[in-house]
Amino acid sequence: MKKQYIFLIIIWIILYISYLIIGFTIKEYKINSNIEYISELNQTIKEKIKEAEKIITYKSSSAYKNKVLKEQQSFKNKWEDVIYLTTEKIYNKFTAEIKPIEVVNVETNKDKVLNEKTIYEKWIYLIYNKDSN
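What you see is a predicted model, and the numbers here were worked out from it, not measured in a lab.

Rules of the game
Residues numbered from 1 in each chain as written. Predicted model: local features only at pLDDT ≥ 70, side-chain atom pairs only at ≥ 80, totals over all residues. Heavy atoms only, no water. Helix = DSSP H or I, 4+ residues; strand = E, 2+ residues; numbered from the N terminus. Areas by Shrake-Rupley, 256 points an atom, 1.4 Å probe, with all protein chains shown as cover. Phe/Tyr/Trp six-rings, centres within 6.5 Å; stacked < 30°, edge-to-face > 60°. Buried < 20%, exposed > 50% of the residue type's maximum accessible area, 1.4 Å probe, protein only. pLDDT = per-residue confidence, 0-100.

(A) Region of interest: the overall build of the protein chain. Counting its regular elements, the protein chain contains five helices and zero strands. Listing the helices and strands of the protein chain from first to last along the sequence gives α-α-α-α-α. About 13700 Å² of surface is accessible on the protein chain, with carbon and sulfur atoms providing 62% of the total.

Laid out in structure tokens, this is it:
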């Protein structure tokens, strides 16, 4: 009888230890996968920061500012001839004449029928879609 209790206690201890080991490995796997995800995210953020720094240095340069002034504000140096090219859509946006919109009042058959009826007949017509005659 004592051997059976000892055997059951040993089985219970083995199951408990295996439960603890499985729980620990699952937690460790989750932690490692989160660490990998964060390191990949950190790497992509570093790359984007480098690209942003390049763009900032380019846009703060005098060559870029000069280009913007020439394109948007029509500035040019004395020795330069500048030609402005735009699309036809943009050109027509500023040069096309605006035609006023004509408002046309179109009376439908339903409107004609409703105008000829009394209030009671209008309700009957609208609710049942038939004439009361």
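(B) Layout of the packing of aromatic side chains. Enumeration over the complete set of coordinates arrives at one aromatic pair. Considering the side-chain rings of Trp 12 and Tyr 16, the 5.8 Å spacing of their centres and the 10 degrees angle between planes classify their relative orientation as stacked. Of this pair, Trp 12 and Tyr 16 both sit in helix H1 (residues 2–59), four residues apart, roughly one helical turn. Residue classification places Trp 12 among the exposed positions, given a relative accessible area of 58%. The class of Tyr 16 is partly exposed, set by a relative accessible area of 43%.

(C) The arrangement of the confidence of the model for the protein chain in detail. Chain-level statistics for the protein chain give a pLDDT mean of 81 and a share of 73% at 70 or above. Of all helices and strands in the protein chain, the one with the weakest mean pLDDT is helix H4 (residues 109–115) (70), whereas H1 scores best (94).

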